[in-house]
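Examination of the molecular architecture
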Amino acid sequence: MGRLTEAAAAGGGASAARSAGPPPAPLPLSSTSPGCAAAMASSEEDGTNGGASEASEEREAVGKRRRLGLLATIWLTFYNIAMTAGWLVLAIAMVRFYMEKGTHKGLYKSIQKTLKFFQTFALLEIVHCLIGIVPTSVLVAGVQVSSRIFMVWLVTHSIKPIQNEESVVLFLVAWTVTEITRYSFYTFSLLDHLPYFIKWARYNFFIILYPVGVAGELLTIYAALPYVKKTGMFSIRLPNKYNVSFDYYYFLLITMASYIPCEYVSVSTLM
Amino acid sequence: MKVQSPRHWTSREFPHQVEILDAKTREKLCFLDKVEPQATIAEIKNLFTKTHPQWYPARQSLRLDPKGKSLKDEDVLQKLPVGTTATLYFRDLGAQISWVTVFLTEYAGPLFIYLLFYFRVPFIYGHKYDFTSSRHTVVHLACICHSFHYIKRLLETLFVHRFSHGTMPLRNIFKNCTYYWGFAAWMAYYINHPLYTPPTYGAQQVKLALAIFVICQLGNFSIHMALRDLRPAGSKTRKIPYPTKNPFTWLFLLVSCPNYTYEVGSWIGFAIMTQCLPVALFSLVGFTQMTIWAKGKHRSYLKEFRDYPPLRMPIIPFLL
């Protein structure tokens, strides 16, 4: 289980796939501060374990899962069932809207509350990693959830003109299928009864869902750029008393560019 | 006719054999015959390099158990729990680079980069600002402080610090330089910007911040000197640091790593002096990292020394 399966669940979009990073190093920086020379090199050495210790960490992760307390198991089962149901509801709502209206225009508006609720609720997954009831690293879960939150709240919610873009439907579909697969996979695993199809789906859907999701997200951000530039939203200009500036337009450009190295990292760990 | 009584070999005199296996594949990499029982791991590493020259000693990790801890260079063969044929497991630590090289590179960068912004070298700000000078005193002061800080670090690397490990993984230099150089450029851009806004409380704020900065720099240096004096040149001994006659070292009474405490203090001082949010963020990130290191160091002190002073906290007196 552990990281490799997290990686395989990458499915819909770089935001999810990006979570499939390399095994996280114990420290974000090396210990190079003056005066710590005497001590930290040992942690530096252990930090280079990288891939070789992954096998042992995987085993440890499985062992950890087996020792999950009853309360944690009950909570996680409830959580995963709830999330599976939530994304199913979302999927059904999307299908119904399209069947009734015959267009994707207004689709986002009709499902936005449900989307925001369940995607934001997923922040809990970071807590699960923090308290150790899920074997994924906090960093990996954090990156995955953050990029989804970014997409939902800082792009589609905040930049209203792009809500009716086709690309929005594209990534919504990718996310929905990915999340239903992922959460049902976790649910069945916790109940110790994993149907082969779900397992197969989890390890194979991403091949289609991942590029589709990435495309949807990138196209959406691209569509948003003119509005961001025109309104100067979320930006701080100089001069100001805290001597800082932030340009959301360039931030979005950098984010789009970062999809490429992130893709490389994710795909290299998935393959 | 003299009869020679048979010599009874003891384990201490019997030459050992060492086989080295790959920790992952268990492949037999090397077999060393007739190794002195008093041989150290360092000497075995040298012998291993002879057969596998691409794995110089600094990148070798030898252990008794494939998943165990690395053996130290000073460990002696006969003192290890092995028979006369020792099996050691090898892991490649990857390309290594010396700590001194990394430190010098990562500190020289910010020194140089900040000055590029200070002198408003072309293509950073608008062309009409090229090579102009700020009219705010605090901007000049900030340049002096920032430059002093990194010059101090460079000199300490060359003349003060005693490193217990010679090397670290090569990829660290890229990580670390990105961090130091990146943040230096980011904060230097704003402090030296033509539209820079000086601190809200003016000269008072700057003076107070400067005092904090200078005191913490002196403190940090004092701790580095005290730590250096703990360890004789060329040795790797570890002792509990204690306060000396220098009042700056009295912080040892309350924290395990006062050098980090002073370092955070210096950057807080610099942040107040420049009233620049990127500096505050840099201080926060640095504080987070140093707290992790301080906690680790504190833990290893506690593990190694039974009589470690109980009042001490890792980095912030009484709190953290």
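Residues numbered from 1 in each chain as written. Chains lettered and ligands numbered in written order. Predicted model: local features only at pLDDT ≥ 70, side-chain atom pairs only at ≥ 80, totals over all residues. Heavy atoms only, no water.

**Some details on the overall build of chain A**
- What chain A contains, in helices and strands, is twelve helices and zero strands.
- Put simply, chain A runs from its N terminus to its C terminus through helices and strands in the order α-α-α-α-α-α-α-α-α-α-α-α.
- Of all 271 residues assigned to chain A, the portion counted as buried reaches 49%.
- Within chain A, contacts between residues at least 6 apart in sequence are counted, and of these 75% link residues at least 24 apart. (Helix = DSSP H or I, 4+ residues; strand = E, 2+ residues; numbered from the N terminus. Buried < 20%, exposed > 50% of the residue type's maximum accessible area, 1.4 Å probe, protein only. Contact = heavy atoms within 4.5 Å.)

**A short note on unusual backbone geometry**
- Cis peptide bonds are those with omega within 30 degrees of zero, and the linkage from Leu238(A) to Pro239(A) qualifies with -10°.
- Phi angles above zero are rare outside glycine, and Asn243(A) is one such case at about 50°.
- Mapped onto the secondary structure, Asn243(A) falls in the loop between helix H11 (206-231) and helix H12 (248-270).
- Notably, Arg120(B) is not glycine yet its phi reads approximately 50°, a positive angle.
- Examined against the element boundaries, Arg120(B) turns out to sit in the loop between helix H2 (99-118) and helix H3 (137-159).

**So, the packing of H2(B) against helix H4 (residues 171-191) of chain B**
All names here are of chain B.
- Interaxial distance between H2 and H4 falls to 9 Å at its minimum, and their mutual angle equals 20°. Considering the angle they form, H2 stands roughly parallel to H4. The two elements H2 and H4 meet at a crossing, and its hand is right-handed. For the pair H2 and H4, contact is made by Val102, Thr105, Glu106, Tyr107, Gly109, Pro110, Ile113, Tyr114 and Phe117 and by Ile173, Asn176, Cys177, Tyr180, Trp181, Ala184, Ala185, Ala188, Tyr189 and Ile191, respectively. (Axes fitted to C-alpha atoms, helices over the stretch in contact; angles between N-to-C directions. Parallel < 35°, antiparallel > 145°, perpendicular 65-115°, else oblique. Left-handed = near helix turned anticlockwise from the far one by under 90°.)

**A word on the environment of Ser189(A)**
- Tracing the chain through its elements places Ser189(A) in helix H9 (residues 166-190).
- Between the alpha carbons of Ser189(A) and Phe251(A) there is a distance of 39 Å; along the sequence they are 62 residues apart.

**Brief notes about the sheet that holds strand S3 (residues 60-63) of chain B**
Residue and element names in this part refer to chain B.
- Here four strands make up an open sheet; going across it, the order is S2-S1-S4-S3 and the pairing mixed. One side of each edge strand has no neighbouring strand; the edge strands of this open sheet are strand S2 (28-35) and S3. On average, each strand axis in the sheet is tilted by 25° relative to the strand beside it, whichever way the strands run.
- Pairing between strand S1 (residues 16-22) and strand S4 (residues 85-92): six bridges, direction parallel. Bridging across to S4, Ile20 finds its partner in Leu88. (Pairing = 2+ DSSP bridges.)

**So, the packing of aromatic side chains**
Residue and element names in this part refer to chain A.
- All chains considered together, the criterion is met by 45 aromatic pairs over all chains.
- When the ring of Phe171 is compared with that of Trp175, the centres are 4.7 Å apart and the planes differ by 50°; the resulting orientation is tilted. Of this pair, Phe171 and Trp175 are both found in helix H9, four residues apart, which corresponds to roughly one turn of the helix. Per residue, the accessibility class of Phe171 equals that of Trp175, and both read buried.
- Taken together, a centroid distance of 6.4 Å and an interplanar angle of 85° make the contact between Phe185 and Tyr203 edge-to-face. Remark: Tyr203 occurs in helix H10 (residues 196-204) and Phe185 occurs in helix H9; sequence separation between them is 18 residues.
- Using a relative accessible area of 1% as the deciding quantity, one classes Phe185 as buried.
- Here the basic side chain of Arg148 rests over the ring of Trp175, its NZ or CZ set 4.3 Å away from the ring centre. (Phe/Tyr/Trp six-rings, centres within 6.5 Å; stacked < 30°, edge-to-face > 60°. Lys NZ or Arg CZ within 6 Å of the ring centre and 35° of its normal.)

**Overview of the pairing of S4(B)**
- Of the pairings in the sheet, the one linking S3(B) to S4(B) comprises four bridges and is antiparallel in character. Note that in S4(B) the partner of Arg63(B) across the bridge is Tyr89(B).

**Topic: a nonpolar patch on the surface**
Residue and element names in this part refer to chain A.
- A grouping of Trp153, Leu154, Phe234, Ile236, Phe246 and Phe251 is seen on the molecular surface, where their side chains present a nonpolar patch of about 490 Å² in accessible area.
- With respect to the helices, strands and loops of the structure, Ile236 is situated in the loop between H11 and H12.
- Judged by relative accessible area, which is 40%, Ile236 ranks as partly exposed. (Patch = residues over 30% accessible without salt bridge, like charges linked within 9 Å, V, L, I, M, F, W, Y side chains within 5 Å. Areas by Shrake-Rupley, 256 points an atom, 1.4 Å probe, with all protein chains shown as cover. Salt bridge = Lys/Arg side-chain N within 4 Å of Asp/Glu carboxyl O.)

**A closer look at the pattern of salt bridges**
Residue and element names in this part refer to chain A.
- Taken as a whole, this structure holds ten salt bridges over all chains when the rule is applied.
- Residue Arg182 pairs with Glu125 through a salt bridge whose shortest N-O separation is 3.2 Å. Placement of Arg182 in helix H9 and of Glu125 in helix H7 (residues 124-130) is noted, with a sequence separation of 57 residues between them. No difference in accessibility class separates Arg182 from Glu125, as the two residues are buried.
- Across the pair Arg182 and Glu179 runs a salt bridge, and its minimum N-O distance is 3.1 Å.

**Thoughts on the confidence of the model for chain A**
All names here are of chain A.
- With 73% of its residues at a pLDDT of 70 or more, chain A shows a mean pLDDT of 80.
- At the level of individual helices and strands, chain A shows its lowest average pLDDT in helix H3 (residues 37-46), which scores 35, and its highest in helix H6 (residues 107-121), which scores 96.
- Ignoring residues within four places in sequence, the model shows residues 1-57, a span with pLDDT below 50, making 173 contacts including any to other chains. (pLDDT = per-residue confidence, 0-100.)

**A closer look at the side chain of Glu217(A)**
- Within the fold, Glu217(A) resides in helix H11.
- Classification of Glu217(A) as buried rests on a relative accessible area of 0%.

**Here we look at a positive patch on the surface**
- Side chains of Lys69(B), Lys72(B), Lys295(B), Arg299(B) and Lys303(B) sit close together on the surface and give a patch of like positive charge.
- On the secondary structure map, Lys303(B) appears in helix H7 (residues 277-304). (Lys, Arg positive; Asp, Glu negative; His and termini not counted. Charge placed at Lys NZ, Arg CZ, Asp CG, Glu CD.)

**Let's talk about the state of the cysteines**
All names here are of chain B.
- This model, assessed by the stated rule, comprises zero disulfides over all chains.
- Here Cys276 stays unpaired: no disulfide links it, and the sulfur of Cys145, its closest cysteine neighbor, is 14 Å away.
- Given the relative accessible area of 3%, Cys276 is considered buried. (Disulfide = S-S within 2.5 Å.)

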